[in-house]
Amino acid sequence: MPRIVRAAAIQISPVLGDDGLGTARKVCQAIRDAAEKGVALAVFPETFVPYYPYFSFIQPAFRFGAEHLELYERAVIIPGPVTDMVAEAARQTGMVVVLGVNERDFGTLYNTQIIFDATGEILFKRRKITPTYHERMVWGQGDGSGLKVVESAAGRIGALACWEHYNPLARYALMTQHEEIHCAQFPGSLVGQIFADQMEVTIRHHALESGCFVVNATGWLTEDQIRDIARDPALEGPLRGGCFTAIVSPEGKLLGTPLTEGEGMVIADLDFALITKRKRMMDSVGHYARPELLSLLQDRRPAPTVHYVGEQGVDTPVALSGNEATP
């Protein structure tokens, strides 16, 4: 039988200056708005809740201590009030939701992607494996346990954040698990047009190579928000452009018109027959692979900071926070 899933890539601006819950409320309203349009899968931008740390891109590290501490105070605990709100919105609308958050795990922040199933259950939580450039002063690193594809009500979903897409082995790790929908998240309102151009190349190439749909969401900053973050007209330029919210078919075709400025949604019906059509010709992890020549070794073990030796002398990894990624 034909299998079609309606997806939305949502370009949206955060709520700045509150306790962090304002952005989460905005997410929930966007979920309800998308549900009215028949959407079954919604993807939000990178670390959208409470907001992406734009300050770290335009200030040297020794100057952004106050902004970094504010982000700690507003960051998301998993599970907690933010995840409860979004889970309930997903459950009420019967929608799969992929949300980027700044996760706080005791003394460290992480760039985290959460996949909520249509029941509201948190299916999966993963952390960006290597923060990029300025981000290394803000977030800790993820590990190989986050490179997994999960079954959801919308299909087999994989997710990566921003320049993780420039790590071909990370992408291949998801490809080997036969992702049907790849959910990509970027900050948006950053670097300028070249960032949007690079993003388009990246997501279209992954769709072709993986033979899957790509749903990509970028954030948006208003002019008032740019002024508030920059605090200096000379620093405003790097916070403009760089938006490319779009949906791509397994054939690399853009489905609908990409959104490059302002808030809104790109909505498309994902016809899963196109996955088979593409892979019949080129399946990178099937008949087009040469595993006897080239293969990937992936360590999927979580990387806890302590191991406890059990009563029987078994060395068992233990994550103190309980926030390790689940299968």
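Residues numbered from 1 in each chain as written. Predicted model: local features only at pLDDT ≥ 70, side-chain atom pairs only at ≥ 80, totals over all residues. Heavy atoms only, no water.

In the annotation of an unreviewed UniProt entry, the protein chain is listed under the name Nitrilase and assigned to Acetobacter malorum DSM 14337.

Caption draft 1: Quick peek at the sheet that holds strand 4 (residues 108–116). Pairing in this open sheet of six strands is mixed, and the strands run 5-4-3-2-1-11 from one edge to the other. Of all the strands in the sheet, just strand 5 (122–127) and strand 11 (264–271) have a single pairing partner and so form its edges. Across the sheet, the mean angle from the axis of one strand to that of its neighbour is 25 degrees, orientation sign disregarded. Two strands pair when backbone bridges link them, and strand 1 (residues 4–11) and strand 11 are joined in this way by eight bridges, in the antiparallel orientation. Pairing of Ala-7 across the sheet is with Ala-268, part of strand 11. Against the sheet, helix 3 (residues 65–74) contacts strand 3 (96–105) and strand 4, and its axis sits at roughly 40 degrees relative to strand 4. Running at roughly 15 degrees to strand 4, helix 4 (residues 81–93) makes contact with strand 3, strand 4 and strand 5 of the sheet. (Pairing = 2+ DSSP bridges. Helix = DSSP H or I, 4+ residues; strand = E, 2+ residues; numbered from the N terminus. Axes fitted to C-alpha atoms, helices over the stretch in contact; angles between N-to-C directions. Contact = heavy atoms within 4.5 Å.)

Caption draft 2: Up close: the UniProt feature "domain: CN hydrolase" (unreviewed entry) in the protein chain. UniProt annotation of "domain: CN hydrolase" (unreviewed entry) refers to residues 5–272 when read in the numbering used here. Secondary structure content for residues 5–272 is 29% helix and 25% strand, and the end C-alpha separation is 8 Å. (UniProt positions renumbered as here; feature names shortened; annotations may be inferred.)

Caption draft 3: View of the sheet that holds strand 9 (residues 213–218). Across the sheet, which stays open at both edges, the five strands sit in the order 6-7-8-9-10 with mixed pairing between neighbours. Edge positions in the sheet fall to strand 6 (150–152) and strand 10 (246–248), since each has one partner strand and no second. Across this sheet, the average inter-strand angle for adjacent strands is 25 degrees, counted without regard to direction. Two strands pair when backbone bridges link them, and strand 6 and strand 7 (residues 155–161) are joined in this way by three bridges, in the antiparallel orientation. Residue pairing in the sheet places Ser-152 in a bridge with Gly-155 of strand 7. Helix 5 (residues 168–175) rests against strand 7 and strand 8 (181–186) of the sheet, and its axis sits at about 170 degrees to strand 7.

Caption draft 4: Structural detail: the pattern of salt bridges. Going through the model one piece at a time under the given rule, you end up with 22 salt bridges. Among the charged side chains, a network of salt bridges with common partners joins Glu-103, Asp-105, Lys-125 and Arg-127. (Salt bridge = Lys/Arg side-chain N within 4 Å of Asp/Glu carboxyl O.)

Caption draft 5: How the structure looks around the packing of helix 1 (residues 21–36) against helix 4. One way to put it is that helix 1 packs onto helix 4 with a least axis distance of 10 Å and a crossing angle of 10 degrees. With respect to each other, helix 1 and helix 4 are oriented roughly parallel. On helix 4, the residues touching Leu-21, Ala-24, Arg-25, Val-27, Cys-28, Ile-31, Arg-32 and Ala-35 of helix 1 are Pro-81, Val-82, Met-85, Val-86, Ala-89 and Thr-93. A breakdown of the residues in the contact of helix 1 with helix 4 according to their chemical character gives 11 nonpolar, one polar and two charged. (Parallel < 35°, antiparallel > 145°, perpendicular 65-115°, else oblique. Nonpolar A, V, L, I, M, F, W, Y, C, P; charged D, E, K, R; others polar.)

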